[in-house]
Amino acid sequence: MTYQRTPTQDTLRYQWNVNVIGKPALRLNRWLAQLRQPKPSPYLAPPLNITPRTKELIARHYLEGRYANLHRKVAWVTSGAPAEILKALNFYVLYPENHAALCGAARTVVDIATEAENAGYSRDLCSYARTDIGALLSGKTPVGKLPKPDLLMACTNICQTVLFWYQAVAHHFRIPLILIDTPFVYTTASDQAINYVWRQLDAAVPIAERVAGDFLSSRKLEQVTRLSKLAAELWMQIIERGKHRPAPISVFDQFIHMAPIVEMRGEAYTVDFYAALLKEVEQRIAKGISAVKQERKRLLWDNLPIWYRLRFIAEKLGAHGVALVVSTYTNAWAELAPMFDPKNPMASGARTYLHAILNRGTGYKLAMMQKMIADYQLDGAILHSDRSCKPYSIGQMDQRDRLLRESGVPALLLEADHGDPRAFAEEQVANRLEAFVEMLGE
Amino acid sequence: METPVIPHRLEIIHAHKAHGGWVAAVLPIHYPRALFRAFDILPVEVWGPPRIDPTLGSAHLQPYVCSIVRNALAYLLDGRLNVADFIVVPHTCDSLQGFASILIDFVKPTQPVLPIYLPRGKRLSDLIFLTDEFKALYRTLAELTHREPSPADLMAAIEREEQADDLLAQLHHGRRNLALSQTDLYRLIRSREYLPAETFVEIAGAVVQSARSLPPPNDIPIMLSGIVPEPLTLFDALTQLNAYVAADDFAACGRRLYERGSRADPFERMAERILLAPPDSTRGSSMQDRLDHLTTLAQTTGARGIVFYDVKFCEPELFYLPVLREGLQRANLPSVVIEFDLNDGLTQQTQTRLEAFIEMIGGTQ
Ligand code: SF4
Ligand code: SF4
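Residues numbered from 1 in each chain as written. Chains lettered and ligands numbered in written order. Predicted model: local features only at pLDDT ≥ 70, side-chain atom pairs only at ≥ 80, totals over all residues. Heavy atoms only, no water.

Peer 1: Describe helix 11 (residues 266–275) of chain B, with residues and values.
Peer 2: Residue and element names in this part refer to chain B. With 9 of 10 residues buried, helix 11 is to be regarded as a mostly interior element. The inward-facing, buried residues of helix 11 contact helix 2 (33–38), helix 6 (124–145) and helix 7 (151–173). Regarding helix 11, its N-cap is aspartate 265, as a side-chain oxygen of that residue lies 3.0 Å from the backbone nitrogen of phenylalanine 267 further along. (Buried < 20%, exposed > 50% of the residue type's maximum accessible area, 1.4 Å probe, protein only. Helix = DSSP H or I, 4+ residues; strand = E, 2+ residues; numbered from the N terminus. Contact = heavy atoms within 4.5 Å. Polar contact = N/O pair within 3.5 Å; in protein donor to acceptor, adjacent residues only side chain to side chain.)

Peer 1: Before we move on, could you go through helix 16 (residues 362–375) of chain A and cite the residues and values that matter?
Peer 2: Residue and element names in this part refer to chain A. Its 14 residues give helix 16 an end-to-end C-alpha distance of 20 Å, which sits within 8% of 20 Å, the value for a rise of 1.5 Å per residue. Within helix 16, the full set of buried residues consists of Thr362, Lys365, Leu366, Met368, Met369, Met372 and Ile373. End-on view of helix 16: buried residues confined to an arc of 160°, all on one side of the axis. Pointing more than 90 degrees away from the buried face of helix 16 are the exposed residues Lys371 and Ala374. (Expected span 1.5 Å × (residues − 1). Arc of directions from axis to C-beta.)

Peer 1: Describe the nonpolar core, naming the residues involved and giving the relevant values.
Peer 2: Counting residues in each nonpolar core, the largest one holds 254 residues, and the members touching the most others are Trp235 of chain A together with Leu171 and Leu238 of chain B. The element contributing the most residues to this core is helix 9 (residues 218–240) of chain A, with 9 residues. (Core = buried A, V, L, I, M, F, W, Y, C linked by side-chain atoms within 4.5 Å.)

Peer 1: Provide a residue-level description of the sheet that holds strand 7 (residues 380–386) of chain A, including the pertinent values.
Peer 2: All names here are of chain A. Pairing is parallel across the open sheet formed by 4 strands, whose spatial order is 6-5-7-8. Taken across any chain shown, the strands that pair with only one partner, and hence form the sheet edges, are strand 6 (322–327) and strand 8 (411–416). Each strand of the sheet is rotated relative to its neighbour by a mean of 30°, with strand direction disregarded. Examined bridge by bridge, strand 5 (residues 297–302) and strand 7 share 4 bridges and lie parallel to one another. Looking at the pairing, aspartate 302 lines up with leucine 383 of strand 7. Along the sheet face, helix 16 touches strand 5, strand 6 and strand 7 and points at about 160° away from the line of strand 5. (Pairing = 2+ DSSP bridges. Axes fitted to C-alpha atoms, helices over the stretch in contact; angles between N-to-C directions.)

Peer 1: Talk me through the packing of helix 9 of chain A against helix 12 (residues 268–287) of chain A; I want residue IDs and the actual numbers.
Peer 2: Residues and elements named next belong to chain A. Packing of helix 9 against helix 12 brings their axes to within 9 Å, and their N-to-C directions diverge by 15°. Classified by the angle their axes make, helix 9 and helix 12 are roughly parallel. In this structure, the crossing between helix 9 and helix 12 has a hand that is left-handed. Of the residues in helix 12, those in contact with Leu227, Leu230, Ala231, Leu234, Trp235, Gln237 and Ile238 of helix 9 are Ala268, Thr270, Val271, Tyr274, Ala275, Leu277, Leu278 and Val281. (Parallel < 35°, antiparallel > 145°, perpendicular 65-115°, else oblique. Left-handed = near helix turned anticlockwise from the far one by under 90°.)

Peer 1: Tell me about the site of ligand 1, residues and numbers included.
Peer 2: Residue and element names in this part refer to chain A. What surrounds ligand 1 is the set Cys126, Tyr128, Ile158, Cys159, Thr161, Val162, Trp165, Leu304, Leu358, Ser388, Cys389 and His418. Tallying contributions element by element places helix 7 (residues 161–173) first for the shell around ligand 1, with 3 residues. Along the lines of polarity and charge, the residues of the shell around ligand 1 split into 9 nonpolar, 3 polar and no charged. (Near = heavy atom within 4 Å. Nonpolar A, V, L, I, M, F, W, Y, C, P; charged D, E, K, R; others polar.)

Peer 1: Give a detailed account of the interface of chain A and chain B, specifying residues and quantitative values.
Peer 2: Each partner contributes residues to the interface: chain A has 50 residues there, and chain B has 50 residues. Of the roughly 4300 Å² buried where chain A meets chain B, counting both sides, 60% is carbon and sulfur surface. Where chain A touches chain B, the interface holds 2 salt bridges. Its salt-bridge partner being lysine 312 of chain B, residue aspartate 124 of chain A comes within 2.6 Å of it at the nearest N-O pair. At the junction of chain A and chain B, the tally comes to 24 residue pairs in polar contact (both at pLDDT 80 or more). Mapped onto the side of chain A that touches chain B, the elements with two or more residues apiece are helix 6 (127–138), helix 7, helix 8 (191–212), helix 16, strand 7, helix 17 (390–393) and helix 18 (396–407) of chain A. (Buried area = accessible area lost by both parts, 1.4 Å probe. Salt bridge = Lys/Arg side-chain N within 4 Å of Asp/Glu carboxyl O.)

Peer 1: How would you sum up the site of ligand 2? Please name residues and give values.
Peer 2: The environment of ligand 2 is made up of Cys66, Val69, Cys93, Leu96, Ile227, Val311 and Cys314 of chain B. In the shell around ligand 2, the residues fall into 7 nonpolar, no polar and no charged.

Peer 1: I'd like a description of the packing of aromatic side chains, backed by residues and values.
Peer 2: If you walk through the whole model with that rule in mind, you get 23 aromatic pairs over all chains. Between tyrosine 186 of chain B and phenylalanine 235 of chain B, the aromatic rings sit 4.1 Å apart at their centres with planes inclined by 5°, giving stacked as the arrangement. Taken as a pair, tyrosine 186 of chain B in helix 8 (residues 182–190) and phenylalanine 235 of chain B in helix 10 (residues 233–240) lie far apart in primary sequence, 49 residues in all. With a relative accessible area of 0%, phenylalanine 235 of chain B lands in the buried category. Among the aromatic residues, those joined into a ring-pair cluster are Phe252, Phe255, Trp301, Trp307, Tyr329, Trp333 and Tyr392 of chain A. Just above the ring of tyrosine 364 of chain A sits the side chain of arginine 360 of chain A; from NZ or CZ to the centre is 3.7 Å. Above the plane of the ring of tyrosine 320 of chain B lies arginine 290 of chain B, whose end atom (NZ or CZ) is 4.9 Å from the centre. (Phe/Tyr/Trp six-rings, centres within 6.5 Å; stacked < 30°, edge-to-face > 60°. Lys NZ or Arg CZ within 6 Å of the ring centre and 35° of its normal.)

Peer 1: Describe the pattern of salt bridges, with residues and values.
Peer 2: Residues and elements named next belong to chain A. Taken as a whole, this structure holds 55 salt bridges over all chains when the rule is applied. One salt bridge in this structure joins lysine 140 and glutamate 115, with 2.7 Å as the shortest N-O distance. Pair noted here: lysine 140 is in the loop between helix 6 and strand 3 (151–155) and glutamate 115 is in helix 5 (residues 109–118), with a separation of 25 residues, a long-range link. We classify lysine 140 as partly exposed; its relative accessible area is 27%.

Rendered as structure tokens:
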């Protein structure tokens, strides 16, 4: 005889594990972390005070995910997907890319991605995809357990890779995949492209409703979109504080604190979190605290972070008084904020999601970098040529040349991979960084 | 039958230009041939090409970009595409999308670059979008050529392409009864990449006409899958190994067996034909659709194993392999993956692996 759990028992189990045990434990963890003194760096400012809260938020998100299948529907979505519709339908929304980034930071990628490689996924594929597919096949994850999805949503505004990746996941779980296909934007999006995306958003609603077993409330969608917009606006302000000399916050800080803007958009607590982060950044400016203690040179970072060597690169540059103050990557979740119109979520969503940086031409990205160089008074740029991410990396060789020729700043092309340390040659990277910093001069 | 005489690519290009027509260099894979022909533009496809010095392309593209894209750029920078009046780049994959973007933003060739976005589904929204995309392309071509083909002109061009595609399908499906070597068959199939439809119809028509019922070959039937069969000597090598290509799932060949359209509007008809083509990774087909297609193809042609012959770094193809291979294995269809770079030719390693695979499936008869 098999024992069947009732929905009430499932909900009770969820409440017990998440709200009674889990969250208070995480809160306690945060308090303890706040009491601990972080190891000081001779070159870098201490971590932002909000760091334990960031960790708590992320841990809470994955804790809820771990038990989500017990009491609500789960959707896996790509980082550029219009998740507001799913949030408004009360899905637990998981971002596999974020999970893979977390695996990168936790240095578990090789172990997990090998599971996918053993199943036949080539090492030439994006390491995010390999990591998540490896996690799905083996159950390995540093967050305990990932919830099984009931629905998938892939938006091609970051790459085509996600479409193939999600096709594989849809096949594995035999669940519906909502595709939001976003035609590439060279200058501005054509009417036909906007209408196309809008039609797909409209068509996504009944599919999501069917899986959710509920109807989409336009009031809820408006509210979620408003919260997304508010959080993105705050994130934009935080990034823009980097214009201050010396910069109060570095790109490395942004990498660490960007998880909520990616995976917790549309939540009131995310807005509160970024309001608090902005406040702390402003306090740093008031107190004269800079991310790099002796800021001498200021640089831009292009492309994804090298998640498993953030500290190494930060220290390497910091030792020479070099601060990374702005990045095209973290900016991607800020620059679209003005386009969101909560009163008109579908139409504005169609336009907004089309204009993601990775869905735009290489010339647009160059223009954005040049503007950042002027606005943030930068001395150079590091372009991470990310073996895993062709859409972000193609064009960088020309962009590097033009930054030098047109903006008069040197740019370094740094070969690596955002997640897979097997594509990272530490000594070579260290030497190239040293040589580049030397070239920047005094 | 004798080896059909297929005019050379350059011969065709010069003849077409001599009568005042234009030429478009077209990157892989799907595009509306009829639309270009209605403007008297001859599409000539650029699949790499193989065995050229890729150094010029390496100044703009990282080494982890596939050789089709790197070679195409090197070819263009070397002035070898100067004969083309337009460069057409379908957004087949991230690499070709990036290629189109750097052409437009940085490389700036003398010819206009015309990107075409292909939707990744076959829903009504995809059909509407692709139809609109073709209408936009029509307007651009009208501006550039100062011509405005009428709907009847467009339909006539579509009819010519449909006739050529019918014959192409007959070559594929009736290959057993064609007295052609495998290499000649694929040379003819691939001539569709540059021959005007009417010339192709003439040559392929004669070949199909001369088909007769031949005894089944003794060789081991296999299927090939991938983006493009390069170099053509691959087929000589297979023949020597006593293997017979019973069917293919190449993006350049079998995945472009477009059926006749049903719609009366020419733009919708061109869009419909592409969206309803056999499953293709680059058009975002589901794993199941591709698996069903391959399994059926193998079963109907008697193929006993599948060679996935993939261009190195080709993400769209690589992603599908694990699911396809597992599903095929369940259907008792063994497979092997061989990756290649266009500039390497047919390597000894490839030949050895093919030999081992064919021996293996030959032995399990
Ligand atoms: S890292 Fe690049 S290729 Fe990988 S999922 Fe993200 S955008 Fe796509
Ligand atoms: S081989 Fe693959 S990656 Fe290269 S152009 Fe063709 S589809 Fe794109």
